[in-house]
Every structure is written in structure tokens, then in C-alpha cells.
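Residue-level structural notes
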Amino acid sequence: MKKLVSLVLLACILAACSSVMLTGRKQLLLVPDSDVVAMSLQSYKQFVDSVPPSTDKVNTALVKKVGAKMASVVETYMKANGYEADIANLAWEFNLLKDKQVNAFCMPGGKVAVFDGILPITKDETGLAVVMGHEIAHAIAKHSAERMSTQMLSQYGASLAGLLVSKKSEITRAGVNTLYGLGSQYAVMLPYSRKHEYEADQMGLIFLAMAGYDPSKAVAFWERMAANGANNTAEFMSTHPSDANRIAKLNALMPEAMKYYKK
Amino acid sequence: MTLIRQLTENKKNLHSIPNEGFLIIVFAKAISCSPSSDGLGVSLSYNLSP
Ligand SMILES: [Zn+2]
């Protein structure tokens, strides 16, 4: 245990603990965001090249337009609030891809891909902006670099558990490793992932308002997602919050988001 | 690899920690599992829906 504490302390000394824009949450980044972005650029390009672009010209243009608008207000906010240095790590890209999936994703550096299967759920420009705000938030909050850092610490824990039982029999050792793996999945990584999702919802809601879209429309979007029924896994077993919990949290955050909304 | 370099440069800080060699091995192991080798299933992307 002493070693684990030392390691966390050491990590904090080596890689300064930073705080997330808008939410102020402290995060530990063992990996610099710039390193993660460098990896992301390549993966994103590979992915986008492997999936055909959407043939829907109108919505392709809308994805780029909404993306550019959100990126612009976010950068303005970053400049005004002490996050200017992070702008250098952003290489925004917004693509609409031809795929039936009701989904979208973001990679570090602001590399966003939206699948045109989600268009019936986003419905209009504001719906699309809800998706975009959420996805952009993952990049701004450096969630990938943080996830990687946690994974590194979790690996350290596994090695430590392995070391503690290294004098025990093979069978005990295998058992401990399996339990540790399961434990860290349900007790550490999944709640961790959900924390990122809630944070992206929170920041995304504010980005939405900053860009001039009515944040209350985010609730309607998640209700349509819930009705679509893609997210049926029990929350504790899932990387994502349940739709009901998500909607409840969004409603609670609405008064704060409204402050950024200029009618 | 930045971390390894930092660890080496900050070697003095490590003297208070027992078994520094062990720590470095663990770090090296963790770093080698970065997303470029997707053995761990670490993904860079964040999907909207699971
Ligand atoms: Zn998300």
C-alpha cells in the first residue's frame, strides 16, 4: 500500500495535476495530451478512410457548420479563461460518415465523426449540436489522456497484487489476477468511464448554450435516444450512464447552462 | 517514452521510494501497453452510445 501511495505522489510531482475546464475537476495526466493527440491523428485518418463518407450533402455541410461554430465558441472561451495553451493541441475535423449506427465519436485533438444513422434521432441542427457539444467536450477535457493514465495506475495495482502473492501457488496467483481484473473493471474503469460521460454531458450542455442553441433541447434529444433503445445494459455494467440518469442530471444542470444561453 | 525520461531525470526523487527498479519496470510495462498496441483494448475514441 505504501508503494501505491508513493506512486500516486510521484505521479503528481512528475505530471502536474491539472483541472478540467468548466467543471474544475482535478485530473491526473501521466501522459501529455500532445502525445495522445499525435496518436489520434493517425487512428482517426485510418478510420475515416475506411468508412465511406455520407452521400447526404446537406447534412454533411451541416455537420461541418455546427462543428466549426462550436469549435469557435469553445476556443474563444479557452482564450478568455486560461486554457489558451491547449488550443495548440486542437486540429478540429468534423465528418459525416455513411453507416447505419446510431452513434458518433470523438478522438483527441477534436477529431469528430458522426454516423448518418443518427440523423433521424438528431432531427435538426440543434439535435446535431447536442451530439457535437458532448463529443467535443471529451477532447477538451482530455479524457483519453486521463483514461490512459488510470489504466497505467490500474496496471501498477495488478502488478503489485501479483507481487504480493508471488510466493503463493500458481493457482492462488491466477485467482488473484482474475479477481483483480474483474474488480478493477467494475470498481474502477466502468464508473470512471461513466464519470467522463457525465462530465461530457455537463460541458457539452454549456458549449451548446454558448453556441446559441437552446440547451433545454438536449433533454429532448436524449429522450429520443432512449426511445430508440440502443442503451439497455444495466448502468453498473456499462461504460455509459443509463438514459434516465443522464436526463435527470441534464435537468439538474439546466439552470447553470441557461446562464450561457443568449437569446 | 516521456515518462521514462522524466523518471530518469528525476532519479533523485526516487530515492525515498523502495525498490525503484521495480517501479521503473512497472512503468515501462504500462507504457508499452499504449493504444498503438491495442492488446489492452485501450481505445482513443469516445463513442456517444455504448
Ligand atoms: Zn461520451
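Everything here concerns the structure above.
Residues numbered from 1 in each chain as written. Chains lettered and ligands numbered in written order. Predicted model: local features only at pLDDT ≥ 70, side-chain atom pairs only at ≥ 80, totals over all residues. Heavy atoms only, no water.

Details of the packing of aromatic side chains
All names here are of chain A. Heads up, the condition is: We call Phe, Tyr and Trp rings a pair once their centres come within 6.5 Å, taking the six-membered ring for Trp, and we label the pair stacked below 30 degrees between planes, edge-to-face above 60, and tilted otherwise. Numbering of helices and strands starts at the N terminus; helices are DSSP runs of H or I of at least 4 residues and strands are runs of E of at least 2. Whether a residue is buried, partly exposed or exposed follows from its accessible area with a 1.4 Å probe, protein chains only, as a fraction of its type maximum: under 20%, in between, or over 50%, in that order. When the NZ atom of lysine or the CZ atom of arginine is within 6 Å of a ring's centre and also within 35 degrees of its normal, the charge is said to sit over that ring.
The full count for this structure, using the stated rule, is six aromatic pairs over all chains. Plain terms: the ring middles of phenylalanine 47 and phenylalanine 115 are 6.2 Å apart, the flat faces sit at 70 degrees to each other, and that makes the pair edge-to-face. Of the two residues, phenylalanine 47 sits in helix α2 (residues 33-50) while phenylalanine 115 sits in strand β5 (residues 111-115), which places them 68 residues apart along the sequence. Overall, the relative accessible area of 27% leaves phenylalanine 47 in the partly exposed class. Members of the aromatic cluster, joined through ring pairs, are Tyr44, Phe47, Phe105 and Phe115. Seen from the ring of tryptophan 222, arginine 246 lies directly overhead, with NZ or CZ sitting 3.8 Å from the centre. The ring of tyrosine 198 is capped by lysine 249, whose NZ or CZ atom sits 4.2 Å from the centre of that ring.

Focus: the pattern of salt bridges
All names here are of chain A. Spelled out, the test is: Within this document, salt bridges are pairs made up of a side-chain nitrogen of Lys or Arg and a carboxyl oxygen of Asp or Glu, the two lying within 4 Å of each other.
Using the criterion set out here, one finds 11 salt bridges over all chains in the structure. Two residues, glutamate 146 and arginine 25, come together in a salt bridge whose shortest N-O distance is 2.8 Å. Of the two residues, glutamate 146 is situated in helix α6 (residues 143-164) and arginine 25 in the loop between β1 (18-19) and β2 (26-27); the sequence distance between them amounts to 121 residues. A salt bridge links aspartate 86 to lysine 142; the nearest nitrogen and oxygen atoms lie 3.2 Å apart. Taken as a pair, aspartate 86 in the loop between α3 (57-80) and β3 (93-97) and lysine 142 in the loop between α5 (125-140) and α6 lie far apart in primary sequence, 56 residues in all. Via salt bridges that share partners, Arg25, Glu146 and Glu199 belong to a single interconnected network.

Description of the side chain of glutamate 75 of chain A
Residues and elements named next belong to chain A. Condition: His is not counted, nor are the chain ends, whereas Lys and Arg count as positive and Asp and Glu as negative. Any pair of residues with heavy atoms lying within 4.5 Å of one another is described as a contacting pair.
Here glutamate 75 is to be found in helix α3. Buried charge glutamate 75 goes without a salt bridge, the closest partner of opposite sign being lysine 79 at 4.6 Å. Residues contacting glutamate 75, with those up to four places away along its chain left out, are Ile87, Leu90 and Trp92.

Details of the sheet that holds strand β1 (residues 46-47) of chain B
Note the threshold: Any two strands are treated as partners once DSSP identifies two or more bridges connecting them. The axes used here are C-alpha line fits, helices contributing only the stretch in contact, and every angle between their N-to-C directions lies in the interval 0 to 180 degrees.
The strand order β3(A)-β5(A)-β4(A)-β1(B) describes an open sheet built from four strands, whose pairing is mixed. At either end of the open sheet lies a strand with only one pairing partner, and these are β3 of chain A together with β1 of chain B. Looking at chain direction, strand β4 (residues 104-107) of chain A and β5 of chain A are connected through four bridges and run antiparallel. Bridge pairing links cysteine 106 of chain A to valine 112 of chain A in β5 of chain A. Sitting on the sheet, α3 of chain A touches β3 and β5 of chain A, and the angle it makes with β3 of chain A is about 155 degrees.

Notes on the pairing of β5 of chain A
All names here are of chain A. For β5, a buried count of five out of five residues is recorded, marking the element as mostly surrounded by other parts of the structure. Burial along β5 is two-sided: Lys111, Ala113 and Phe115 and Val112 and Val114, pointing in opposite directions, are all buried. Taken together, the five bridges between β3 and β5 define a ladder with parallel strand orientation. In the strand pairing of β5, glutamate 93 is matched with lysine 111. Counting the residues that bridge the hairpin from β4 to β5 gives three residues, and of these glycine 109 lies at a positive phi of roughly 95 degrees.

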